[in-house]
Amino acid sequence: MAYPIRLTRIFPALLLALLLGLTLSAQAQRDVITFADAKSTLLISILTNTTWPDEGALDRFVIGLYGEDKELGSALSRDTAGLEVRGKPVIVAEYPSLATARAAQVLVVSPAENARLAAIAGALRDSQTLLVSDGATDQANMMVNFTYPSRTRLAFELNASNIIGAGLNMSR
């Protein structure tokens with residue numbers, strides 16, 4: 001009958017070790033930064049460091065999404081909740097058409113739309129919308145483009161002439 005005594009002594013230690021392992025595992029999962037998290041952080045930084053010619057007339061800043069990217073939409077909604085930039089609230093909006101997307105200060109185009117980047121840039125011309133693409137290769141029509149130097153790294157590139165041509169100013 002010594003066996004049940006050992007289990008009763010070992011069980012609390014096993015239970016504690018299991019709970020500790022689950023807690024550490026859950027903590028490690030929360031500390032993982034996804035590409036969507038990183039893009040959201042970069043987009044907010046880009047918004048914060050860009051000025052628009054008609055900024056005084058704006059009552060809010062809009063980060064728009066064109067095309068399907070639920071993960072980025074969720075990350076942006078989470079990160080912009082209660083956020084203000086230069087005293088104006090920041091909202092996230094999904095746009096089904098480019099005609100309505102012209103209202104956004106920043107428009108993020110999903111990777112699925114990269115082949116249409118020239119048409120998208122044309123539709124946004126004279127709207128003072130900062131166009132953000134994701135993995136696009138069309139250097140001539142991009143303003144800000146997310147790139148992936150490796151499987152685990154996110155970077156971005158800028159086309160300053162297109163940004164300046166849109167009437168926008170990015171601080172250094």
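Residues numbered from 1 in each chain as written. Predicted model: local features only at pLDDT ≥ 70, side-chain atom pairs only at ≥ 80, totals over all residues. Heavy atoms only, no water.

## Concerning the overall build of the chain
No. 1: When its secondary structure is counted, the chain shows six helices and nine strands.
No. 2: Out of the 172 residues belonging to the chain, those deemed buried represent 36%.
No. 3: Total accessible area on the chain is roughly 10,200 Å²; 59% of this is exposed by carbon and sulfur atoms. (Helix = DSSP H or I, 4+ residues; strand = E, 2+ residues; numbered from the N terminus. Buried < 20%, exposed > 50% of the residue type's maximum accessible area, 1.4 Å probe, protein only. Areas by Shrake-Rupley, 256 points an atom, 1.4 Å probe, with all protein chains shown as cover.)

## Observations regarding helix α3 (residues 70-80)
No. 1: Within the sequence span of α3, burial applies to Leu72, Gly73, Ala75, Leu76 and Thr80. Take α3 and look down its axis: the buried residues cluster within an arc of 165°, on one side only.
No. 2: Close packing links the buried residues of α3 with α2 (35-48), β2 (61-66), β4 (88-95) and β5 (106-109).
No. 3: Two residues or fewer past α3, Gly82 is found with a positive phi of approximately 80°. (Arc of directions from axis to C-beta. Contact = heavy atoms within 4.5 Å.)

## Focus on the sheet that holds strand β8 (residues 153-158)
No. 1: Reading across the sheet, the seven strands line up as β3-β4-β2-β5-β6-β7-β8 and stay open at both edges, with mixed pairing between neighbours. The sheet is open, and its two edges are formed by β3 (84-85) and β8, each paired on a single side.
No. 2: Two elements, β5 and strand β6 (residues 130-134), share three bridges in a ladder whose sense is parallel. Bridge assignment links Val108 to a residue of β6, and that residue is Val132.
No. 3: Against the sheet, helix α5 (residues 117-124) contacts β2, β5 and β6, and its axis sits at roughly 165° relative to β6. (Pairing = 2+ DSSP bridges. Axes fitted to C-alpha atoms, helices over the stretch in contact; angles between N-to-C directions.)

## A few points about the confidence of the model for the chain
No. 1: Of the residues in the chain, 81% have a pLDDT of 70 or more, and the chain-wide mean is 86.
No. 2: Confidence drops under a pLDDT of 50 for residues 1-28, and excluding neighbours within four residues, the segment shows one contact in the predicted structure. (pLDDT = per-residue confidence, 0-100.)

## Quick look at the environment of Ala136
No. 1: Residue position: Ala136 is located in the loop between β6 and β7 (144-150).
No. 2: Judged by its relative accessible area of 7%, Ala136 falls in the buried class.
No. 3: In this structure, Ala136 is in contact with Asn114, Leu117, Met142, Asn145 and Glu157, ignoring residues within four places of it in sequence.

## Describing unusual backbone geometry
No. 1: Phi at Arg86 takes a positive value of approximately 50°, unusual for a residue other than glycine.
No. 2: Looking at where Arg86 falls in the secondary structure, it is placed in the loop between β3 and β4.
No. 3: We note that Gln128 has phi near 60°; this positive angle belongs to a residue other than glycine.
No. 4: With respect to the helices, strands and loops of the structure, Gln128 is situated in the loop between α5 and β6.

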